[in-house]
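# Residue-level structure breakdown
One-letter residues, chain by chain:
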Amino acid sequence: PLNHSVNSTNYEEKKMENSAVYNKDKFEESFVRHVESDLARNMFNCDDLGAYQAASNAIRDSVLVDWANTQQQQTIHDGKRVYYLSLEFLMGRAMDNALINLDARDQVAEAIGNLGFNLEDVLEQEPDAALGNGGLGRLAACFVDSMSSRNYSAWGYGLNYQYGIFKQEIIDGYQVETPDYWLKYSNPWEVMRSEIQIPVDFYGYVYEHYDTNTGKPKKIWQGGERVIAVPADFPIPGFNTTNTNNLRLWNAKPTMEFDFSKFNNGDYQQSVAAQQRAEALTSVLYPNDNFEKGKELRLRQQYFWVAASLHDIIRRYKKNHKDWDNLSNQVAIQLNDTHPTLAIVELQRILVDLEGLEWNAAWKIVQRVFAYTNHTVMTEALEKWPVDLVGRLIPRHLEIIYEINYFFLKDVEAKFPGDRDLLSRVSIIEEGQVKSVRMAYLAIVGSHKVNGVAELHSELIKTTIFKDFVKIFGPERFTNVTNGITPRRWLRQANPKLAKLISEKLNDPKYEYLTHLGNLKKLENFVNDEAFLKEWDDIKFDNKRKLAALIKETTGVEVDPNVLFDIQVKRIHEYKRQQLNIFAVIYRYLHIKKLLAEGLSVQEIAEKHYIPKASIFGGKAAPGYYMAKIIIHLINTVGEVVNNDPEIGNLLKVVFIPDYNVSKAEIIIPGSDLSNHISTAGTEASGTSNMKFALNGGLIIGTVDGANVEITREIGEENIFLFGNLAESVDELRHKHYYEGVKIPESMQEVFNAIDTGMFGLPEEFKSLLDSIRYHSDYYLATDDFDLFLDAHKKLEKMFGLGSGDPTHLREWVPKSVLSVANMGFFSSDRCIDEYAENIWDVEPLNV
Ligand code: GLG
């Protein structure tokens, strides 16, 4: 037995003794060493990029010490571990985050300064790790930060895509996608584990074999194509703790086993080509958000990732354990959406086919190990894989799925005899045109808990898409864990000035509130303190200046930081309704023009009608999403007209910031006065950027949807601007549109007329967007919510006043900003992780 103890010294001492990051001289030494050895350069020709690499390596050295200790402690302790399986981890940059979590930013900034570099410039060199599409992937990134910070023994498992989400350029107002080869330079944050090589098989066939030991038949899967999984590990340092977990992302590599039959036939080229195919498996992230396309390569990615991860997890378990019944006391696996659902099947296969367990015993273990998080109720996003495809790719797994379904339906039949409709509704196999596997149903049946990501959403899944399963398994299987965000990145890192002001006001020089976010509540005490409000507002103004500089740099448009910054940044999707926002902008422009024509001055309009504002958009459209691309184009053509209108002054600007990503979000979010979360009620499962904006003192205009509901409950309805029809009315409204036709409100008709007459370029370009509303039933209810949206704006703009320094602004707006921040404690992802730990995983923190 190991009886090492790394627990003997306290955290502070250990920090100092371990690493260069707390000691300027040591850090400088280490930096120079890395420049000379890893980079094979000398200090005289080291540029910012070199400095980033050397500094990262020096910081990484410290992180790796904690990482190794943590892993050793976790092994000695041998407690239950959590594995978070996610196809996406939208991590963004690592270096600044590591400095903050290690509490070493100031020392390192100084050391880097002594070496002749500027920390901010050096940080700018790091490419974003953009291995995700949007909220789902960023949630996983926030979760790994919290799992480390809250001292859980928890690993993330994903894929190490060579190409993350594409880079977006805007050319002539259109989105153009270019590949994001983020590993152009070597990545100092990944530790390649080439010594670990896990074979993963595909295709082939299944045969039965009589096991002479047991006298029973046994299924054997003879794979047809083999790929090797090799991990890249990313250490995840926690904040204010040495606990450092691992994020393991798999690379696909060819086997060294050569196909000699092909070779001997003189087909050398072809046998090399087959090998090269292997690497394609982890080359690219699918760029769809809330939409599943059902491509074979995607299913191959899923199985590859799941098989490698489970092999790894089981190998670790088997080191110290023999009793399979104990597996669920040692292992909890969380499925982030249905993407890793095959893990359920793979574990059943391992237990039954490879370990020889009896079916029922194995299945009970499987159900205790897994839990599934659902992120959407939209049918186009729910995964269904054709039975033919699954059977060809992983033939034994298809058999197991059929068997799982057989036993499941047998139970249903026993509980609800004779209800054939029910059986066909809940069957894991859908008998349609294309017979397919319903992955969400498989995930529910194979898990002990299923959770939604905000209260409203968790209720909706129980009453709509999974209604029958509540009847079958009881409501206990379904639960809610409202999403959260990590305040380390989304407050301390993104908004250092506000974070500092808060730490001063809370008398918390060590920023302990970042792990006890409820402490923000104390800010309420200062809501009448004018000097404080002024300071608060000055910081916002400063952040807006930074954002204005980003806008200037990326779009060429100058926006005045005094105006209302009205922001909508997120994936472009009809359900998120950027179209509603841009229509309202057009409406505003038309009316400002009318007032100008009537002879009013810009000043008069600003004071009496429309306060000056900038409408700021950003977000990517999936490359195949036609309607979303039209929306982007419309935003850009409106910007072109408005921003070049000589009459309008600073009353209105419209910009589309290209290539929205995590590091741009870190600049955009702290610079917002107002942000839009205006999805059709019932469509946005949670939203997490709403939380980021509110935590940075931006107010929200939003629908009664997703986590907006709980944000309102926490911060108070007077501090958020809610509008629009409720989720419970959506069905009826859609029905009405369909049978009685769509009624376009006058205000919207004015907008449509302007577009139709070519005010924003060729009307044909926007025809299908307008037609989807006026002739095709307006599925997302833009017509029903448009006037309500305009009214909500009127109301909030009165409170904004004329912006920074204006007495109305300081009296009405800024206190709301403070009160929102003060009451956002609930939305820390630390709270989420504690809830998962207690209610789903049944694990306790381990102090290393
Ligand atoms: C989904 C949902 C979001 C949710 C996120 C994280 O659409 O509403 O906030 O997951 O749970 N695809 C997503 O981003």
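See the structure above.
Let us look at the structure shown here. (Residues numbered from 1 in each chain as written. Predicted model: local features only at pLDDT ≥ 70, side-chain atom pairs only at ≥ 80, totals over all residues. Heavy atoms only, no water.)

## Looking at the overall build of the protein chain
- Of the regular secondary structure elements, the protein chain holds 34 helices and 25 strands.
- Here the C-alpha radius of gyration of the protein chain, 28 Å, is about what a compact globule of 848 residues would show, namely 29 Å.
- The 848 residues of the protein chain split such that 61% are buried.
- Put simply, of all contacts in the protein chain between residues at least 6 apart along the chain, 76% involve residues at least 24 apart.
- A total of about 33,500 Å² of accessible surface is found on the protein chain, and carbon and sulfur atoms cover 50% of it. (Helix = DSSP H or I, 4+ residues; strand = E, 2+ residues; numbered from the N terminus. Rg over C-alpha atoms; globule rule 2.2 N^0.38 Å. Buried < 20%, exposed > 50% of the residue type's maximum accessible area, 1.4 Å probe, protein only. Contact = heavy atoms within 4.5 Å. Areas by Shrake-Rupley, 256 points an atom, 1.4 Å probe, with all protein chains shown as cover.)

## Structural notes on the site of the ligand
- Surrounding the ligand, one finds 14 residues, the nearest of these being Asn290, His375, Asn483, Glu684 and Gly687.
- One of the backbone N or O atoms of Gly135 is found 3.4 Å from an oxygen atom in the ligand.
- Here an oxygen atom of the ligand sits 3.3 Å away from a polar atom, N or O, in the main chain of Ala685.
- Expressed as a share of its isolated accessible area of 340 Å², the protein-covered part of the ligand is 95%.
- When residues are assigned to domains, the shell around the ligand turns out to be shared by domain 2 (78-93 + 128-482 + 833-841) and domain 3 (527-818), each giving three or more. (Near = heavy atom within 4 Å. Polar contact = N/O pair within 3.5 Å; in protein donor to acceptor, adjacent residues only side chain to side chain. Domains from an automatic or database assignment.)

## Some remarks on the packing of aromatic side chains
- Counted under the stated rule, the structure contains 31 aromatic pairs.
- Measuring from centroid to centroid gives 6.5 Å for Phe466 and Phe478, while their planes differ by 35 degrees, and the two rings are tilted. In this pair, Phe466 sits in the loop between α18 (455-463) and α19 (467-473) while Phe478 sits in strand β19 (residues 478-480), placing the two residues twelve residues apart along the sequence.
- Assessed through its relative accessible area of 7%, Phe478 is described here as buried.
- Seen from their ring centres, Tyr587 and Phe786 are 6.4 Å apart, and the 90 degrees between their planes marks the pair as edge-to-face. Of the two residues, Tyr587 sits in helix α23 (residues 578-597) while Phe786 sits in helix α32 (residues 782-800), which places them 199 residues apart along the sequence.
- Ring pairs connect the aromatic residues Tyr83, Trp155, Tyr157 and Trp250, which therefore count as one cluster. (Phe/Tyr/Trp six-rings, centres within 6.5 Å; stacked < 30°, edge-to-face > 60°.)

## Describing the layout of surface pockets
- Considered as a void within the structure, the largest pocket measures approximately 1,200 Å³ in volume.
- Among the secondary structure elements, those contributing two or more residues to the lining of the largest pocket are α6 (119-123), α21 (496-505), α22 (530-555) and α26 (662-668).
- Per-element accounting of the lining of the largest pocket gives the leading share, seven residues, to α22.
- Across the lining of the largest pocket, the residue classes break down as 14 nonpolar, five polar and 19 charged.
- There is about 700 Å³ of room inside the second largest pocket.
- Along the walls of the second largest pocket sit 30 residues, with Val377, Met378, Thr379, Thr683 and Tyr779 positioned nearest its centre.
- The element contributing the most residues to the lining of the second largest pocket is helix α29 (residues 730-740), with three residues.
- Residue classes in the lining of the second largest pocket are distributed as 15 nonpolar, seven polar and eight charged.
- Both domain 2 (78-93 + 128-482 + 833-841) and domain 3 (527-818) contribute no fewer than three residues apiece to the lining of the second largest pocket. (1 Å grid on protein atoms, 1.4 Å probe; cavity = no way out; pocket = protein on both sides within 12 Å on 5 of 7 lines; lining within 4 Å. Points joined across faces, edges and corners; volume = space filled by probe spheres on them. Nonpolar A, V, L, I, M, F, W, Y, C, P; charged D, E, K, R; others polar.)

## A short note on the packing of helix α7 (residues 135-149) against helix α34 (residues 829-841)
- Packing of α7 against α34 leaves a shortest axis separation of 8 Å and a crossing angle of 75 degrees. Relative to α34, α7 is oriented roughly perpendicular. Facing α7, whose interface residues are Cys142, Phe143, Ser146 and Met147, α34 presents Ser829, Asp830, Cys832, Ile833, Tyr836 and Trp841. (Axes fitted to C-alpha atoms, helices over the stretch in contact; angles between N-to-C directions. Parallel < 35°, antiparallel > 145°, perpendicular 65-115°, else oblique.)

## Some details on the pairing of strand β13 (residues 331-336)
- Within β13, six of the six residues are buried, which leaves the element mostly enclosed by the surrounding structure.
- Burial along β13 is two-sided: the face carrying Val331, Ile333 and Leu335 and the face carrying Ala332, Gln334 and Asn336 are both buried.

## A look at unusual backbone geometry
- A positive phi angle, near 50 degrees, is found at Asp78, a position not held by glycine.
- When you line up the elements, Asp78 lands in the loop between α3 (48-77) and β1 (81-85).
- Since its relative accessible area comes to 27%, Asp78 is described here as partly exposed.
- With a phi angle near 55 degrees, Asn290 is a residue other than glycine that sits in the positive phi range.

## Topic: the sheet that holds strand β22 (residues 652-657)
- On the basis of which strands lie adjacent, the open sheet formed by six strands has the order β22-β21-β20-β23-β24-β25 and parallel pairing. Looking along the sheet, the strands with just one partner apiece sit at the ends: β22 and β25 (721-723). On average, adjacent strands in this sheet sit at an angle of 20 degrees to one another, irrespective of strand direction. (Pairing = 2+ DSSP bridges.)

## Observations concerning the environment of Glu455
- Within the secondary structure, Glu455 is located in helix α18.
- Residues Glu455 and Tyr174, 281 residues apart in the sequence, show an inter-C-alpha distance of 37 Å.
- Those residues within four positions of Glu455 in sequence are excluded, and the remaining contacts are Asn480, Thr482, Glu710 and Arg713.

## Considering empty space enclosed by the protein
- This model, assessed by the stated rule, comprises nine cavities of 30 Å³ or more.
- In this structure, the second largest cavity encloses a volume near 420 Å³.
- For the lining of the second largest cavity, the class distribution of residues is 22 nonpolar, seven polar and five charged.
- Structurally, the lining of the second largest cavity is a two-domain feature, drawing no fewer than three residues from each of domain 1 (1-77 + 94-127) and domain 2 (78-93 + 128-482 + 833-841).

Functional significance is not addressed by these values, which are geometric in nature.
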